[in-house]
Amino acid sequence: MRVQINFDQCEGHGRCAITAPAVFRVDAEGYGQVAVEDVPDEERARVERAIRLCPKQAIAWVSETV
Ligand code: SF4
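A. Inspection of the overall build of the protein at higher detail. Along its length, the protein carries two helices and four strands. Going from the N terminus to the C terminus, the protein shows its helices and strands as β-α-β-β-α-β. A globule of 66 residues ought to have a C-alpha radius of gyration of about 11 Å, and the protein, at 11 Å, matches this closely. Projected onto the principal axes, the alpha-carbon positions of the protein cover approximately 30 × 25 × 20 Å. Looking at the protein as a whole, 20% of its 66 residues qualify as buried. Considering only contacts in the protein between residues 6 or more positions apart, those separated by 24 or more positions represent 55%.

The structure is reproduced here in structure tokens:
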């Protein structure tokens, strides 16, 4: 599955990168970035946790229905 960050909602602080460091990182200003869009199965639980812990609800799975 793929994950994305809504940059209009993200306010930095990098909680996502602390929670799932294999998938998220922070840029020079501290805003979250997706380092690995196609999330490996073994990282899904951490990403779910990052989604729950993001204080701005800026992280979401990407619907892959076309
Ligand atoms: S936890 Fe949420 S608000 Fe914080 S850097 Fe990550 S995406 Fe942005």
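B. Looking closely at unusual backbone geometry. One non-glycine residue, His13, adopts positive backbone phi at about 85 degrees. Of note in this structure, Gln57 is not a glycine but carries a positive phi near 50 degrees. Inspection of the secondary structure puts Gln57 in the loop between helix H2 (44–53) and strand E4 (59–62). C-beta crowding within 10 Å serves as the criterion here: with 11 such atoms nearby, Gln57 is assigned to the exposed category.

C. Representation of the site of the ligand in the model. Looking at the ligand, there are 15 residues lining it, with Cys10, Arg15, Cys16, Gly32 and Cys54 nearest. Classifying every residue of the shell around the ligand gives eight nonpolar, four polar and three charged.

D. Layout of the nonpolar core. If you look at the biggest cluster of nonpolar residues, it comprises 11 residues: Val3, Cys16, Ala17, Ala20, Val23, Phe24, Val39, Val47, Ala50, Cys54 and Ile59. For this core, the secondary structure elements donating two or more residues are helix H1 (15–19) and H2. The contacts of Ile59, once residues within four sequence positions are left out, are Val3, Ile5, Cys16, Ala50, Ile51 and Cys54.

E. Structural view of the environment of Arg2. For Arg2, the position within the fold is in strand E1 (residues 2–5). On the neighbour-count criterion, Arg2 (13 C-beta atoms within 10 Å) is partly exposed. Taking the C-alpha atoms as reference, Arg2 lies 9.1 Å from Pro40; in sequence the two are 38 residues apart. Other than its neighbours up to four places away in sequence, Arg2 contacts Glu37, Asp38, Val39, Val62 and Glu64.

Calculation criteria
Residues numbered from 1 in each chain as written. Predicted model: local features only at pLDDT ≥ 70, side-chain atom pairs only at ≥ 80, totals over all residues. Helix = DSSP H or I, 4+ residues; strand = E, 2+ residues; numbered from the N terminus. Rg over C-alpha atoms; globule rule 2.2 N^0.38 Å. Buried ≥ 20, exposed ≤ 12 C-beta atoms within 10 Å, placed from the backbone. Contact = placed C-beta atoms within 7 Å. Near = placed C-beta within 6 Å. Nonpolar A, V, L, I, M, F, W, Y, C, P; charged D, E, K, R; others polar. Core = buried A, V, L, I, M, F, W, Y, C linked by C-beta atoms within 7 Å.

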